[in-house]
Every structure is written in structure tokens, then in C-alpha cells.
Amino acid sequence: MTWLLGICTFWLPVVAVLSQKNFNVVPTQNLNHRTGLKTDCLGGYMRLTVDKSLAFGNQVEFDALNGSQIEPLTPSLSAKCGFTIDSDPWGNYRVFASFLNCFAGNEDDSMIDIDMRVRVQGVNAEQDVLEVTKTCKYDQWAPREVLCTQNYMEVSVNRLPEEITALRRRPMPRANVFANQWSDTVPEAITSRFNIWRMVFFTPEQKPMVLEDALKAGYGITTTKSRLVLRSGYDMPETYLKNVNGVPMKIIRLTTYFKKQWSVTMLDTVAACPTGGLSFTDEEITWNFPRFNPLMSSSQTSLLGMFMGINGKLIDSAKMTARGYVLSVVDDQIIMTIPIGGPDGYYKSHAVNNLYHITYNIEPMLELLWSEGGMDATRYRVLFTIMTPLMPRPPRFVDFTDPDQRLFDVFLGPFLYDIELVNLTFSTGVLTVAEASASGINIQEQTFQNGSKAFRLQVPFSLSFVVRTQVDLTVTVYTLYVTFGFMILPEYTPFSQTESVDVSLRDVTLPTVSGSCDDEKFYVVISFGNMGKNFNIMMGMHDITPDQRAEYYQMENATHMSLAVPFLSPDVVFELMYPSSLRVRLDVLLWEPINRWTLSDFSLACNFPMTMTECFSNGTMSALAVKVESVPQLDPSQLTLSDPSCKPKFSNDRFAYFSFEANSCGTTRTFYDGVVMYQNIISLGNALPIYKQSQKGEPMSPPDPEYRVTMSCFYTLNSTQTIAFFTKPRENEPLPETGFGELQVVLRLSWDGSYSNFYVKEDYPVVQHLRSPLFFEVALLQSTDPQIKLVLEHCWATMKEDRNSTPSWDLIVDGCVNLADRYETIFHPVAPNSIPYPSHVTRFEVKMFTFVQNDVAVQNQVFVHCDAILCDDVTNGICKRQCPSSIPLKTGKVRRETTNFLFRRTRLSSGKILLSSS
């Protein structure tokens, strides 16, 4: 008997759109163009294709229709009822529906009606619902047909009496023997629907089951007019695995008992589907399949036909040759070879341990037709999905960066079409692709002819994502750390790849220093270069502090900084003394604190007008000696005049001030023509330098050079002075000329009674317990005039920062303590040798208190304020009071006038002082 392939007559599909509430209705005439739906009758099953134009990015679900019955095709129902749903990375869907599925309309096993519904849920709430009706003609049934798909096995056999003579059929008496097998559980033979009495599964052990139990277990068992159909998923309990000729196969085997009148008919059904048999090389897939299966065929089996298909559809030999497919029989094996990378399959991306891999996927079909003993035939179809083992494909990272463009330019790829770049992680954080583009990064997706893609980034050096490291004075290393965040579609599987690029550029512009002078100050200008403000400023031997920056009137913008340094600042160096000027040098060093690099070294020396010697008409002489750089160990207090007993009237670590009569202290007198010159010498005395010896008896380095300053005054011997006066007052009396200068007075709070450490601006507010001592100091800064005395006129406390606010409490009144205060203010004397100018400092102590009203604290904070007077004649007014004084934290500027008895009053206030809550 010769068996031919089943002939499928293709009918045009009849497709209708079901209109429901909240569903979009698509016109029938535009259906195919709108959705890309396509149906094919392929012999034994119908294939429905849903194009990606409809499906991609949407949620697609399928229903089976049986009249008014609508059944969503879940995975379990699909395996039970004969549906296979698959999709590819592009978003195309394929549904294979067996002609013998649970819901098919079957007319004489030759006209098959299959109705389905496609539901497409978009990003909005609306849903497209499409009903698809397909009628297929198929009348070439073999007595036994086996179908193997990726999710179920199906076997159908002819059950008509005239067509099963070659199958095992037993008469009633013989059946009684088999009936006895059921006597323990079933007292009498009761048939169910389809006239099925009982079934025996072989696992391979016998396992009896009634029809209803089999259906509940998930098996698909039904009958048509002429056929018995069995369908099972691969993971059902009654299936088992067996190696057949080296190929693992999943097997479902049972015997079905039909009872009709006085006879029992047995039909043996078995399906064996391959789960393996694959081998792979880099270029080729080999699929081995057993030529004969002892469970399904006998030794008399002859192979009538062998065919190959792709995606459920048979292909001819010409196409097989063109695609490089080979189907052959070698001994007891059927061998199919498939080239990797052919157009009928596709590559797919995968991420394994965050590493990029690919696989090649293809779904070949094998169809066999054989007969047993020349009588009955079996048609055997296998739709077998093949995925190659994971193949590592690490993308290449290519650096195209051109340093001259100051732009990172990097390339990463190739990737397959199903890869999407979703974010980028830099040193500063994670950005989406849109955010990165908006931030100034150029992101390009480059596609190639073979469908692969790559990604290119262009990142300017100037962006904050780029890490900058200065490795030496002039070289900057720009580093781009970037993690590419990818997503594999349509599964949305994430993975990432991290890369970095370094570029070194000699592009550092170092900061520079320039300066100038006037009669009072150095003016320093610092240009930042392109390093910003990442450097320290050293003046003299130490870095300037934030307080000094404020004292030096620091001003800055994005590119420059300026400082105004008084020439008597402690940060300058005295180089030389002249009779009417002082040569002073300011050294500025800019240095980088992390690597301790010297960035710029600048010195500026200027002559500043300064009276070093004064000659008075009453015969008094005064001189100012300064410590110069060439004598670094000099102690000005050790200087004397020619007479060693004549010591400075005042001295500190930088100055010595002498005032003496012209006819004293060893002053010499020399007469010239009409002029007399008085001259004296300031030095370290007449003692010769002493050269000490080291412990080894060798002479040590000599001491500092000798310090010697000669001062001279010249007087005219003979002169006549005419004095005229008028008894009448003049209309315009001459007024004394007023000169102006700045003296700085501060009020500050000491940590304790030692007055060695003071709270700074950042420490406020200061918190103290009730009645704890507060040690204040008022001080005149930077002045070297020993005749000035600082006197506190008035001090008081307020609850608010405003010095004129109420209520207030007097602490010092008219230079003396407030006797009305039960916790009396205490003045602390300043030791004569503890500071250079004791008369410039006043110290006092008060107890911490708070303002109360009706014995309840009104507010837990106080501010202290003072008015201070600077006196140069202590015989006038408040200047002659003997009550000591103190200091706060805000500075006041004082203007000195040429009157002889006092300076202008200065106003001072402290920072906030809080009462402790404990």
C-alpha cells in the first residue's frame, strides 16, 4: 500500500471582528493590513501568525472558541487541548492548532473548523479583540497519526471496526478475562462517554484509570466520528523517558477499552517524542532520530516517506539544497544537518553571569510515513525547537578618543537586534539614555547590514561625569568610567558592561601671583588658572587662616582673588631701614596640599614711608628700631643706645622704641658751619661676639651679623624767630589739620581665665551653664604705640543682637563695675610681660545669667555689648579712671584724630551666648 502525504486544501480564512464594550472595532476590509494576521492549513494542524506590527510592545493573549464558549489558552489548557503558542524576538506570534483540538468543529474528519480570538492590550486601557475563523480540508488521515510539538504529544488512531482489523481486537469472552482485572475496583462494566470503558496507562508499569480521572489529570482524550485521540503534556505523571537508539524520548502509552453491546474493543495508542539527539559544532547542528522505534513499530516496518519542514511547513528538496539542509538515513538513524546562521532561524541574546552570549534558534520539522507488514500506516510529525548551546560573544570596546578634541569617543558592540541600551552609569550616578543625551552626551545607535547593532558615546572632557586627576604640575588625567546598562527584549532581561578610558593631557594652567604697593599696603592678585581654588596660600612661614583672609579684605570671582596686606602685618619681612622709610617684603607661596606641589612662588618688596627718627625742638630725640631679616635671632628688647643703660621705652618681637634727651645716653655732638649734629647708635651693646665651641672643640657657626643703627638730629645754631599776635580775634581762626588712620578693636570671649584661646565666629552660639564664668577681653590690634590706653566706657547685656534693644542690663558703667549687680563684674589685670602692650587690653569676667520676668526665664540667650575709648592722655575724662576692662568677638574700626587726649569711641558686640538646658 502506498501512502501519500496528507493534502491540505487552503481556503481563504474567514475573519470577523467581535465588537464589545471597551474594545476597538477594526473594519473587516482592513483587517489583514491592520493586524498582519495570517492563517495556513499545514496538514494536521492550522498555523495562525500574528505580525509584530500588531503584537510588539503589547500584551497579546489567545482564546479558543467553541460556539459561545470562550476559553483563554493557558499553558496547561494549550497542552491538554492541542495548541502551541510561540513568539520570536521581533514580536511575531505563531499559534499551531491541531485539527483534532478540543474545540475544533469536525465534519466527517475531513472539514475542520477552527475558531480563535486574539486579544491585544495596548499601553492604554483599550483592547483590540479579533475573531479568526479558519476552515481546513484534510481527508488524508493515516490509520495512526503522531504529532510531537514543543509542549504536547498527540496520537490518533482509526477506531472504526472496518479500519482496525490490523489492530488488536478481542471478542467478548476474551474480554471477560480482562474484565476480571478490574473486578477489584469496578464491580461492573459501566461505559462513559465515547463508549470508553477503561484505560490502562503503562509507566511502563500498568496503571488503570477511568476516563473522567484521566481528563481531570490533564490528558486530552476524545473521539471523532472515526478516530480516538490522546494528547499529553511532556511532564504528565504517566509519561516516562526512554533511550531509543541513543536518542532520549518521552513516551505516553496506553490501551483504551471500548465496550459495545457484547464485545470489548481494545486500542493500543503510543506516542514517542524526542527530547534530545542533538550535537553541535561551530558551524552545524546535527539532529539524530531513531529510524525505528520498537514501541511504535515492528521488525516488518518499512519507511515509505521522509520529509523535512521549517516552522511547521514542509519544504521541497530544491529549497533544502539551497539552504544547506541534509536529511539522510545512516544505519538505524535518521540524520538531519542544519547550518548555523541560516535564514530560517534566528540568533537570540542571553545574559549569563552578566556576560553577553548568543544562541541560534530554529524549528525544523521531521515527517515520517511508514507501514507495518504492508498494511496499516503511521504518519509521524515532529516540530522540534532547537536552540544551540550558549556562545560567548563579548562585545568589543574600541576607543576612538582624540585628545585634541577634548572629547571621549568610544564604541561598544556588536550586539544582536534584541538589545536595547536603557541607561548609563557614571561616577556621579545613573542616567537614562534620555537624561544622558540632555546632559550633553552624544549617544548613537549604529546598525549594520546583518542586523546587528553597536553603541557609540561621545562625552566632552568638561562634563561632571568625567573624573579629573592632576598627576603632576602640568598634566591632567581625564578618566571616563561608564557602565552600559542593557535590556534583552522581549524578556526584559538586564545585563551590563563596565569600561573605562584614560587620557593624559598637559593642559594645566597653574595659578599666578602679581602685586603692587601704595604707602600703606601690598595689593596681591592671584589668578586661579584652570585648577580652580584647590590650593593653599602661604604668607611668610604659614598658611593664612580664614580670619586673616577677612583681615586682608579678600575678594574673589570665578577667575581671580585679591588681598590687601598692611605693610606692618606679621606676615611680611622687614628687609632694610631708612631714615624715613622701611623696605618690606611680602612672600606668597601657592601650594597644593594633597601632593604638596609648589604652584607659584612670588615675592614683592616695596619702600613704605615711615618716620624712624624724630628730633624735637625741646632737645628730645626718639628712634624706632626694627628687626630685619638679616638678623633673624634679634630680640629687640636687648637693644640699647650707646649707653647700655638706655634701653627701649617699648619693645616687642619686631620693634624697639627709644626716647631720650639729646644730652644723655652717650649721644655725641658735632658742630658744623651753623649746624650742630647729635648722634647716637642703637646696637646690642659694646660686648664683642662670643664664638662658642662644639663638644668636639670645633668652633660653631658665628652668631647673627652685628646689628647697628645710627640716628642723627641736626639743629641750627643761630636763628631768630618772630612771634606776632593780635589782640583782636581773627575772623577765621586756623584749625589743626586732622589726619586719619585705622585702629582695630575687638571684643572676644575666652575659653577660660587664661585668655590664651578664644571662640571664633564658627563656634557661636556658645552654650554655658547658669552662673558659669564668661571671660571677655577687649583688645586693640596691630597698634605699636605704647602711649595708647584702651578704656571701657560702658558694657551691657541684651536678649537680642540689637545693642539698643530692651530689656538690657548694665555690666560696666562709666568705666567701673555696676554696683547694683549682685553678681559683680570682675576686672582681671593684664600681666606686664604677658603681651607686648598691656595697655591695649582690658579683661573682665561676668557670670552667665538670663533675663527673668515674674521669676520665669524670658529667653535663654544673651548678647554682650561695649563702648570702648582709646586714650593717649590719661589725665582727661574717663581716661583717668582706674577700672580695668575686657574684650568681644566683632571688630570695630577706630579713626584717630590729632587731638592730644583721646581717640574716637568704638562700639563692640559679642556673638550669641545660650543658656544650657541641662
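Preceding block: the structure.
Overview of the structure.

Rules behind the numbers
- Each chain carries its own residue numbering, running from 1 in the direction its sequence is written.
- In view of the model being predicted, local features appear only for residues whose pLDDT reaches at least 70, and side-chain atom pairs are presented and counted only at 80 or more, with totals across whole chains, interfaces and linings using the full set of residues.
- By convention in this description, side-chain values take in all heavy atoms of the structure and omit both hydrogens and water.
- Criterion used throughout: strands pair if DSSP finds at least two bridges between them.
- Each helix is a run of H or I in the DSSP string that is no shorter than four residues. Each strand is a run of E no shorter than two, and both are numbered from the N terminus.
- Axes, fitted as lines to C-alpha atoms, cover a helix only where it is in contact. Angles between the N-to-C directions of the axes lie from 0 to 180 degrees.
- For the purposes of this analysis, a disulfide is any pair of cysteine sulfur atoms at a distance within 2.5 Å.
- Exposure classes here rest on a 1.4 Å probe applied to the protein chains alone. A residue is buried below 20% of its type maximum, exposed above 50%, and partly exposed in between.
- Here a Phe, Tyr or Trp ring, Trp counted by its six-membered ring, pairs with any other such ring whose centre lies within 6.5 Å, and the pair is stacked when the planes are under 30 degrees apart, edge-to-face when over 60, and tilted otherwise.
- The criterion for a charge sitting over a ring is simple: Lys NZ or Arg CZ within 6 Å of the ring centre, and within 35 degrees of the ring normal.
- For our purposes a nonpolar core is just a set of buried Ala, Val, Leu, Ile, Met, Phe, Trp, Tyr and Cys residues, chained together by side-chain atoms within 4.5 Å.
- Cavity and pocket criteria rest on a 1 Å grid covering protein atoms alone: a 1.4 Å probe that fits but cannot get out defines a cavity, protein on both sides within 12 Å along at least 5 of 7 lines defines an open pocket, and an atom within 4 Å of a point defines a lining residue.
- Grid points are joined across faces, edges and corners, and a volume is the space filled by probe spheres set on the points.
- Nonpolar residues are Ala, Val, Leu, Ile, Met, Phe, Trp, Tyr, Cys and Pro. Charged residues are Asp, Glu, Lys and Arg, and all others, Gly as well, are polar.

Observations concerning the sheet that holds strand β58 (residues 708-716)
Backbone hydrogen bonds are what pair the strands of a sheet, in a parallel or an antiparallel way.
Step number 1: Spatially, three strands are ordered β56-β57-β58 in an open sheet, and the strand pairing comes out antiparallel. The open sheet has two edge strands, β56 (668-672) and β58, and neither has a second partner. Neighbour-to-neighbour, the strand axes of this sheet turn through a mean angle of 25 degrees, independent of strand direction.
Step number 2: Sheet topology places strand β57 (residues 675-683) next to β58; nine bridges connect them, and they run antiparallel. Bridging from a neighbouring strand, Ser683 pairs with Arg708 of β58.

So, the state of the cysteines
Step number 1: Tallied over the full model, the rule gives seven disulfides.
Step number 2: Note on cysteine connectivity: Cys517 is disulfide-linked to Cys606, with sulfurs 1.9 Å apart. Around the S-S axis, the bridge from Cys517 to Cys606 shows a dihedral of about 70 degrees and counts as right-handed. Note that Cys517 is positioned in strand β43 (residues 512-517) and Cys606 in strand β51 (residues 597-609), a separation of 89 residues in sequence.
Step number 3: We classify Cys517 as partly exposed; its relative accessible area is 27%.
Step number 4: Across a sulfur-sulfur distance of 2.1 Å, Cys795 and Cys866 are joined as a disulfide pair. Taking the torsion about the sulfur-sulfur bond, which here is approximately 115 degrees, the covalent link between Cys795 and Cys866 counts as right-handed. A residue pair is termed long-range when its members are at least 10 positions apart, and Cys795 in strand β62 (residues 789-798) and Cys866 in strand β69 (residues 861-871) qualify at 71 residues. Neither residue differs from the other here; Cys795 and Cys866 are each classed as buried.

A look at the packing of aromatic side chains
Step number 1: Taken as a whole and judged by the stated rule, the model has 37 aromatic pairs.
Step number 2: Note on Phe522 and Phe608: the rings are 5.1 Å apart at their centroids and 70 degrees apart in plane angle, and the pair reads as edge-to-face. Of this pair, Phe522 sits in strand β44 (residues 521-527) while Phe608 sits in strand β51, and the two are 86 residues apart along the sequence.
Step number 3: Both rings, one in Phe567 and one in Phe608, keep their centres 4.7 Å apart while their planes meet at 10 degrees; by these two values the pair is stacked. Of this pair, Phe567 sits in the loop between β48 (560-566) and β49 (573-578) while Phe608 sits in strand β51, and the two are 41 residues apart along the sequence.
Step number 4: Overall, the relative accessible area of 11% leaves Phe567 in the buried class.
Step number 5: A cation over a ring is seen here: Arg253 above Phe202, with NZ or CZ 4.7 Å from the ring centre.

A short note on the nonpolar core
Step number 1: The biggest cluster of nonpolar side chains holds 56 residues, and the ones touching the most others in it are Phe522 and Ile682.
Step number 2: With six residues, β51 is the largest single contributor of residues to this core.
Step number 3: Counting residues in each nonpolar core, the second largest holds 54 residues, with Ala214, Met249, Ala272 and Ile310 among its members.

Quick notes on empty space enclosed by the protein
To find the voids left in a structure, one rolls a probe of water-molecule size over its atoms.
Step number 1: Tallied over the entire structure, the rule returns four cavities of 30 Å³ or more.
Step number 2: For the largest cavity, the calculated volume is near 80 Å³.
Step number 3: In terms of lining, the largest cavity is formed by Gly44, Tyr45, Ser98, Leu100, Trp141, Glu145, Val146, Leu147, Glu154, Ser156, Arg379 and Arg381.
Step number 4: If you list the elements that add at least two residues to the lining of the largest cavity, you get β13 (144-148), β14 (153-158) and β31 (376-383).
Step number 5: Of the residues forming the lining of the largest cavity, the biggest block, three residues, is contributed by β13.
Step number 6: In terms of residue class, the lining of the largest cavity is built from five nonpolar, three polar and four charged.
Step number 7: Approximately 50 Å³ is the volume attributed to the second largest cavity.
Step number 8: What lines the second largest cavity is simply Met249, Phe289, Pro290, Arg291, Phe292, Asn293, Met296, Leu368, Trp370 and Tyr380.
Step number 9: Only β23 (284-290) and β30 (364-372) provide two or more residues apiece to the lining of the second largest cavity.

Examining unusual backbone geometry
Trans peptide bonds make up the majority, and among non-glycine residues the majority have a negative phi.
Step number 1: Here the residue pair Leu489 and Pro490 is connected by a cis peptide bond, since its omega of 0 degrees sits within 30 degrees of zero.
Step number 2: By the element assignment, Pro490 lies in the loop between β41 (476-488) and β42 (493-505).
Step number 3: Phi is positive for Tyr553, close to 55 degrees, though the residue is something other than glycine.
Step number 4: Inspection of the secondary structure puts Tyr553 in the loop between α8 (546-551) and β47 (555-556).
Step number 5: The backbone phi angle of Tyr755 is positive, close to 55 degrees, even though this residue is not glycine.
Step number 6: Checked against the element boundaries, Tyr755 lands in the loop between β59 (742-750) and β60 (766-768).
Step number 7: Of the residues examined, Tyr755 reaches a relative accessible area of 6% and is grouped as buried.

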